[in-house]
Amino acid sequence: MTIMGFVEELVDLNEEAVRDQLKSRLDNGEDPIAILNDVKAAMKIIGDKFSEKEYFLPELIMSGEILKDIFDVLQPKLKEGAGGKSKGKIVLGTVAGDIHDIGKDIVRFMLDVNGYEVIDLGVDVTAEKFIAAVKEHKPKVLALSGFLTLAFDSMKEIIEKLVEEGIRDSLKIMIGGGTIDERIVEFVGADKYGDSAVTAVKLANEWMA
Amino acid sequence: MSKKNNELMQARIQRVVDAINLKEPDRVPVIPQMNPHFVSNQAGLTQKQVWYNGGKNLRATIKVLRQYDWDLYPGVSQCGFGHFYDVLEIQNFKWPGAKDPNSRLPDNRPFQAVEGEWMKADEYEECLEDPTGFFLRKIVAKQNLGLAAFEKFPGVDKFAFMGSGMDLAAAFLIDKDFLKMVRKINWYKLKLLPLLITQKPYKRKMESLGFPLGGMGGGVYMASFDRISDSVRGMRGTMLDMRRNPEELKKLCNVLAKATLRSMDSAKSLYESDDSEGVPKICFIPLHRGANSFMNNKQFEEFYWPSLTYMMEGMIARGIIPCPFFEGGYSERLEFLADFAKKHKGKMIYWFHDIDMKQVKDMMGDSICIRGNIPASLLIMGTPQQVEDYVKQNIEDCAEGGGYLIDGAIAGIPDEAKHENVLAIERAVKKYGIYRK
């Protein structure tokens, strides 16, 4: 059984084969870190396939499911700090008043597999929570998601409060989601709009290269 | 109704009929849908008032909507719904002012649906064997704690005898939780009645002004896949099923599509609008998970499209105009849409959100009436001139030969739209959308 086999099986989302191989690799005394690196490599390929429109949401969700199974097994065997170096921190959330999370979760997945440390604040996140998270984590990028039209005002308020706090200029801010488009960027005071998770990665790469 | 207003109303209805039939009316029709919160924002009501004070909202709706010159006016929805939602103890929605703090949103927030995994993957077999029983016991009873007594609704073995009534009575009808529930539902009926009655004066008043009501006379229905994703398995569960339980998922999609058509023949839906006479019965089908970004074309063709087209064909056979609302991007699906439209020329409306309207017109404009797609951002943030320019462009791209209805891109007029931008729509239509004087 080759190591490529494991990555390929994971990329192909064959959950049983992945489970079997994971078990036999651990039984053979392999370093969990090596396995973790394979998992990361596989997730990167899955992310690329998503970018190239070969994979869609069902595949991302399936990969998340398999990943969870792998981590349940691997986590107890991993020492602290095995996470590796991240390309930078990004704070992400769906803005106040809005509880939609699908788009946000895809963005989180794509940023994550592309090497960013994503601090996901969840849904219906208030300006106060964003400000506290920005102060605590000092990210380079803030990503605001919203599906409803009320998100326009929420985003505006969040960014205005960041300005009041004097921390707006320490950040690049991207926005996206259902009814958001180019026209909203200026209104809310963001830097860029992204129409997909792929664009989110592109923007992060531009801003944090 | 004055003779003049009656003529106005007939002319408005005729415009819509012609557009759907792919004939050129005298001008391009405007038929905006909306959530009630556009009206409440304009009238200075909170959204909680919309949910809990139907009468107030109705008066506001008339006051706000009579400012506009449209060809179909929406019915009133969600007026006073808050009371029923409270009694039913609905778990898969949150709304402004809910009695239960877990469901409560602040007074001026629009309601939101809460997706959940109400059915587990290993329950498919049970569900497929007895869908009605399963939904009653496991979905309705869990999603609505006020109807939790249905959890005990007996299996068919309890009423498949000659003495079926006695058997059912013994097994369920004398159950104390069931009786308690019935008492509560009586209260619910008391509250529901005034709501239904207050819609009548709204209709009367609007018609007397020459404004026909319409747009959902065929009800509101969902694609089977979306029903399962929204309120049965959750999106995550449904998408895992596409890999792990694909046959069961497809079967349930078909079961729900068939059930939808059967119920159209026998039961009235709460969401059917009480349309003015002569308005085509349009069925609003808001699509959720069929968009470009949710799945690829192969998955769309396998899981999403078959039960949806089956349902729409059944509607067409019943004289109903299906109006799927393609929310999100559907550029990858246009071939499917065009093929289906060609088979049902002049029998449907396709409502688009984010699409190249000219491309759609070129591909299928000779077989389908197209609706849409003024962006929400434009109606909220834009200037009247920008709205006018957008509408003008759409008319240039889509209006030729009829078959075009003007509406917003997402759920019609967004809650926060500016009054002057909404007015700009009709101004543009009168400037650029005239087919003949």
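Our subject is the structure listed above.
Quick summary incoming for the structure in this document. Positions within a chain are numbered from 1, following the residues in the order the chain's sequence is written. Going through the entries in the order they are written, you letter the chains from A and number the ligands from 1. A pLDDT threshold of at least 70 governs which residues receive local features in this predicted model, and a stricter bar of 80 or more applies before side-chain atom pairs are shown or counted, although totals over entire chains, interfaces and linings include all residues.

**A short note on unusual backbone geometry**
Here is step 1 of the chain: That bond from G372 of chain B to N373 of chain B is cis: its omega, -20 degrees, falls within 30 degrees of zero.
Here is step 2 of the chain: If you trace the backbone, N373 of chain B turns up in strand β7 (residues 369–374).
Here is step 3 of the chain: If you check the backbone angles, L13 of chain A has positive phi at about 65 degrees while not being a glycine.
Here is step 4 of the chain: Working definition: helices are DSSP H or I runs of at least four residues, strands are E runs of at least two. Numbering for both runs from the N terminus. Locating L13 of chain A in the fold gives a position in the loop between α1 (3–11) and α2 (15–27).
Here is step 5 of the chain: You will see that K53 of chain A, though not glycine, has its phi angle at about 60 degrees, which is positive.
Here is step 6 of the chain: Buried means a residue has 20 or more other C-beta atoms within 10 Å of its own C-beta, exposed means 12 or fewer, and partly exposed covers the counts in between; C-beta atoms are placed from the backbone. Exposure remark for K53 of chain A: the 13 C-beta atoms within 10 Å place this residue in the partly exposed category.

**Some details on the interface of chain B and chain A**
Here is step 1 of the chain: With 25 residues of chain B at the interface, the matching set in chain A holds 20 residues.
Here is step 2 of the chain: A per-element tally of the side of chain B that touches chain A places helix α11 (residues 234–244) of chain B first, with six residues.
Here is step 3 of the chain: Looking at the side of chain B that touches chain A, its residues break down into 14 nonpolar, six polar and five charged. C-beta atoms are placed from the backbone for every residue, and two residues are taken to be in contact when these atoms lie within 7 Å. Gly is put with the polar residues, along with every residue not named as nonpolar or charged; the nonpolar set is Ala, Val, Leu, Ile, Met, Phe, Trp, Tyr, Cys and Pro, and the charged set is Asp, Glu, Lys and Arg.

**Looking at the environment of S231 of chain B**
Residues and elements named next belong to chain B.
Here is step 1 of the chain: One can find S231 in helix α10 (residues 224–231).
Here is step 2 of the chain: We classify S231 as partly exposed; it has 19 C-beta atoms within 10 Å.
Here is step 3 of the chain: Sequence separation of S231 and D366 is 135 residues, and the distance between their C-alpha atoms is 36 Å.
Here is step 4 of the chain: In contact with S231, not counting residues within four places along its chain, are N92, W118 and Q143.

**Some details on the packing of α10 of chain B against helix α12 (residues 246–266) of chain B**
Residue and element names in this part refer to chain B.
Here is step 1 of the chain: Fitted lines through C-alpha atoms serve as axes, helices being fitted only where they are in contact, and the angles separating the N-to-C directions of these axes extend from 0 to 180 degrees. Interhelical geometry of α10 versus α12 gives an angle of 110 degrees and a closest axis separation of 8 Å. Regarding the angle of α10 to α12, the classification is roughly perpendicular. Here S224, F225, R227 and I228 of α10 come into contact with α12, specifically with L252, C253, L256 and A257.
Here is step 2 of the chain: Of the residues assigned to the contact of α10 with α12, the class counts are six nonpolar, one polar and one charged. Angles below 35 degrees are treated as roughly parallel, those above 145 as roughly antiparallel, those between 65 and 115 as roughly perpendicular, and all remaining angles as oblique.

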